[in-house]
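Examination of the molecular architecture
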Amino acid sequence: MARVRFDTEVQYLKYRVLKEVAKNAFEGTLLDKITDIPKTIVPGKKPTMRCCVYKERAILSERVKLAVEAYKTENNVIEVIDIACDDCPIGGYEVSNACRGCLSRRCKAACKVKAISFDENMHAVIDKEKCIECGACAKVCPYSAIRNYKRPCENACKIGAVSMGEDREAEINREKCTSCGACVYQCPFGAITDRSYILEAVEIIKNSENNTKYPVVAVVAPSIAGQYKGYTNGQVVAGMKKLGFSVVVEAALGADMVAMKEAEELAEKGFLLSSCCPSFVSYVKKQFPMLADKLSENISPAAYISKKIKESMPDAKVIFVGPCTAKKEEYKQPHLKKYVDTVLTFEELQAMFGSREIDLADMEEDKLTGASYYGRVFARSGGLVEAVKQALKEQKRTDFEFKPISCNGIEECRLALLRASKGVLDANFIEGMACVGGCIGGAGCITHEEKNRVMVDKYGRESHGKKMAEVIAESEY
């Protein structure tokens, strides 16, 4: 098989670990070979990624342990592998050699705690004992000589849930974390990772194959477009069926259904926050509880179509496959657990393919179930707004003035929610997407290329202009 086209070597490392875990689980040899997996990945005596082969294997053992034990515990989805954390430099605000020792000394004037002095060369120096990391000095420096040197994980987390612990390893504040996985994707050493429920998926498929008691249904997110470079969506679907899925259904069909319902809810209530992104929903509840009652009462598209599938096939097992680490937190909620049996990311699906040596290039075209253009473009920022606008049109609600705002990433969400909480937001519908770009920017994506947005739109146009009401009426769910 050709090497998988991941963005980073960290993703490829995760793939290799999960592939071996799934392979041995399918073969029934996992318990016997669990300690051998690190040696399988690093077989020689020379390290390939770390200072020594022993540390490398120790870290791999922790990765294996997380994969093996993840679905048997109720721990948080996002975890820190302490031994893998590389003690990234902790600088905060520092003065670079771009400082010219200028006469204006705006930095000193801006500092309210008198943390800035000057050395013998008249260059600014920051007293770390006094500095409160407010950044006022950096804002006024005419040379941009003062910079905030944050850890990649801290910089990635825009809600302040990642900090430094006593031993200099990263720590996650569970009261703030929304499981978006931004820190997972950005950590250069892979020290922060999402728990994998790949063994749960393997058990579901194996039990179905051995006992033929139930169908296994995959609900696939529309952000699949562009993820498997060099292969068509039809080949990916065929590969999933060879893997052991009985049916592959588009989550986009659930998006069509949810958009129609959210349009009704919006027209009735007059103001609404979207409920499609689980990380955004969690953020609202944790940081803006005064707006929690404005969240749509609808469950997410994936959960909604899973509910329909369970109603149609009560004995089915449903596995959501998508880009989202927050989905792993969402599906554990009691009111949703009965609809979704487990969650895989696109990264983990690729590991499943690798575990059974399924080469997508060998697959003949298959098809996903039909969804509209609007349901499919839920995958990128602005897609939900387009869908709700179309739903209002199809419902002939011409008397309702739709004033939406699309929030691309959690920072834009925060600003919109802040304005809404103060009653100064000039909008009646907030589309909240925690990941920049929308679902195509999810931490569980194989690739995060900019052209993935183009691929999603192209995928949407393959619906041949069908209205949402039409695809819902044609659906068997």
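Residues numbered from 1 in each chain as written. Predicted model: local features only at pLDDT ≥ 70, side-chain atom pairs only at ≥ 80, totals over all residues. Heavy atoms only, no water.

Bringing the overall build of the chain into the picture now. A count of helical and extended segments in the chain gives 21 helices and 15 strands. Here the C-alpha radius of gyration of the chain, 24 Å, is about what a compact globule of 477 residues would show, namely 23 Å. For the chain, the spread of C-alpha atoms along the three principal axes comes to 80 × 70 × 40 Å. In the chain, which comprises 477 residues, the share counted as buried stands at 55%. For the chain, restricting intrachain contacts to residue pairs at least 6 apart in sequence, the fraction spanning at least 24 positions comes to 74%. Accessible area for the chain stands at about 22100 Å²; split by element, carbon and sulfur atoms hold 48% of it. The chain carries 70 positive and 66 negative side-chain charges, and their two centres are separated by 3 Å. (Helix = DSSP H or I, 4+ residues; strand = E, 2+ residues; numbered from the N terminus. Rg over C-alpha atoms; globule rule 2.2 N^0.38 Å. Buried < 20%, exposed > 50% of the residue type's maximum accessible area, 1.4 Å probe, protein only. Contact = heavy atoms within 4.5 Å. Areas by Shrake-Rupley, 256 points an atom, 1.4 Å probe, with all protein chains shown as cover. Lys, Arg positive; Asp, Glu negative; His and termini not counted. Charge placed at Lys NZ, Arg CZ, Asp CG, Glu CD.)

The strand order across the open sheet built from four strands is E10-E9-E12-E13, with neighbouring strands paired in parallel fashion. The open sheet has two edge strands with one neighbour each: strand E10 (247-250) and strand E13 (342-345). Strand-to-strand twist across the sheet, computed as the mean angle between neighbouring axes with direction ignored, equals 25°. The strands touched by helix H10 (residues 233-243) are strand E9 (216-220), E10 and strand E12 (317-322); relative to E10, the strand with the most contacts, the crossing angle is about 140°. (Pairing = 2+ DSSP bridges. Axes fitted to C-alpha atoms, helices over the stretch in contact; angles between N-to-C directions.)

A few words on the nonpolar core. In this structure, Met 240, Met 352 and Ile 430 are the most contacted members of the largest nonpolar core, which totals 146 residues. In terms of residue count, helix H11 (residues 251-269) provides more of this core than any other element does, 10 residues in total. Leave out the neighbours within four places in its chain, and Met 352 touches Ala 22, Phe 26, Ile 198, Ala 201, Val 202, Ile 205, Leu 243 and Leu 344. (Core = buried A, V, L, I, M, F, W, Y, C linked by side-chain atoms within 4.5 Å.)

Next up on the list: the side chain of Glu 262. Checked against the element boundaries, Glu 262 lands in helix H11. One buried charged side chain, Glu 262, makes no salt bridge at all; its nearest oppositely charged neighbour is Lys 269, positioned 9.7 Å away. Not counting residues within four places of it along the chain, the set of residues in contact with Glu 262 comprises Leu 272, Ser 274, Ser 275, Cys 276, Ser 296, Asn 298, Leu 384, Val 388 and Phe 429. (Salt bridge = Lys/Arg side-chain N within 4 Å of Asp/Glu carboxyl O.)

Along an α-helix, residues three or four positions apart point the same way, because every turn accommodates 3.6 residues. The end-to-end C-alpha separation of helix H18 (residues 383-394) is 16 Å, in line with the 16 Å expected for 12 residues at 1.5 Å each. With nine of 12 residues buried, H18 is to be regarded as a mostly interior element. Turning to H18, its buried residues are Gly 383, Leu 384, Val 385, Ala 387, Val 388, Gln 390, Ala 391, Leu 392 and Glu 394. Just downstream of H18, Lys 396 is the residue with a positive phi angle, here 60°. (Expected span 1.5 Å × (residues − 1).)

For the structure on display, the rule yields eight aromatic pairs. Plain terms: the ring middles of Tyr 228 and Phe 346 are 6.3 Å apart, the flat faces sit at 85° to each other, and that makes the pair edge-to-face. Note that Tyr 228 is positioned in the loop between E9 and H10 and Phe 346 in helix H16 (residues 346-355), a separation of 118 residues in sequence. Here Phe 402 and Phe 429 contribute two aromatic rings whose centre-to-centre distance is 5.9 Å and whose plane-to-plane angle is 50°, an arrangement assigned as tilted. (Phe/Tyr/Trp six-rings, centres within 6.5 Å; stacked < 30°, edge-to-face > 60°.)

In this section: the side chain of Ser 355. Among the secondary structure elements, Ser 355 is positioned in helix H16. At 2.6 Å, the side chain of Ser 355 and the backbone oxygen of Met 352 are in polar contact. Those residues in contact with Ser 355 that sit more than four places away from it in its chain are Lys 19, Ala 22, Lys 23 and Phe 26. (Polar contact = N/O pair within 3.5 Å; in protein donor to acceptor, adjacent residues only side chain to side chain.)

Assignment of secondary structure puts Lys 286 in helix H12 (residues 278-287). C-alpha of Lys 286 to C-alpha of Cys 177: the two residues are 109 residues apart in sequence and 8.9 Å apart in space. Not counting chain neighbours up to four residues away, the residues in contact with Lys 286 comprise Arg 174, Glu 175, Lys 176 and Cys 177. A distance of 3.1 Å separates a polar side-chain atom of Lys 286 from the backbone oxygen of Arg 174. Side-chain polar atoms of Lys 286 contact the backbone oxygen of Cys 177, separated by 2.5 Å.

To continue, consider the sheet that holds strand E14 (residues 404-408). The strand order E11-E15-E14 describes an open sheet built from three strands, whose pairing is parallel. Only two strands of the sheet have a single partner each, and these edge strands are strand E11 (272-273) and E14. Of the strand pairs in this sheet, E11 and strand E15 (residues 429-433) are connected by two bridges, and their pairing is parallel. Within E15, the residue paired with Leu 272 across the bridge is Phe 429.

This paragraph deals with the environment of Leu 253. Along the chain, Leu 253 turns up in helix H11. Sequence-wise, Leu 253 and Met 363 are 110 residues apart; in three dimensions their C-alpha atoms are separated by 24 Å. In contact with Leu 253, other than residues within four places in its own chain, are Ile 305, Gly 370, Ala 371, Val 471, Ser 475 and Tyr 477.

Before going further, it helps to spend a moment on the packing of helix H1 (residues 9-27) against helix H4 (residues 53-69). For the pair H1 and H4, the least separation of the axes is 10 Å and the interaxial angle reads 55°. Classified by the angle their axes make, H1 and H4 are oblique. You can see that H1 and H4 cross each other, and the crossing is right-handed. Packed against H1, whose contacting residues are Leu 13, Lys 14, Val 17, Leu 18 and Val 21, the element H4 presents Leu 60, Arg 63, Val 64, Ala 67 and Val 68 at the interface. (Parallel < 35°, antiparallel > 145°, perpendicular 65-115°, else oblique. Left-handed = near helix turned anticlockwise from the far one by under 90°.)

Attention now goes to H1. Over its 19 residues, H1 runs 27 Å from end to end, which matches the ideal 27 Å to within 8%, given 1.5 Å per residue. By the criterion of burial, H1 is predominantly enclosed, with 14 of the 19 residues buried. Looking one or two places after H1, you find Gly 28, whose phi comes out positive at around 75°.

Counted residue by residue, E9 has five buried out of five residues, so it is predominantly covered. What you see with E9 is no split at all: Val 216, Ala 218 and Val 220 on one side and Val 217 and Val 219 on the other are buried throughout. Taken together, the five bridges between E9 and E12 define a ladder with parallel strand orientation. Pairing of Ala 218 across the sheet is with Ile 319, part of E12. In this structure, E9 lies alongside E10, joined through four bridges in parallel fashion. Looking at the pairing, Ala 218 lines up with Val 248 of E10. Following the backbone out of E9, through H10 and into the adjacent parallel E10, one traces a crossover that is right-handed. (Right-handed = clockwise from strand over helix to strand, strands pointing away.)

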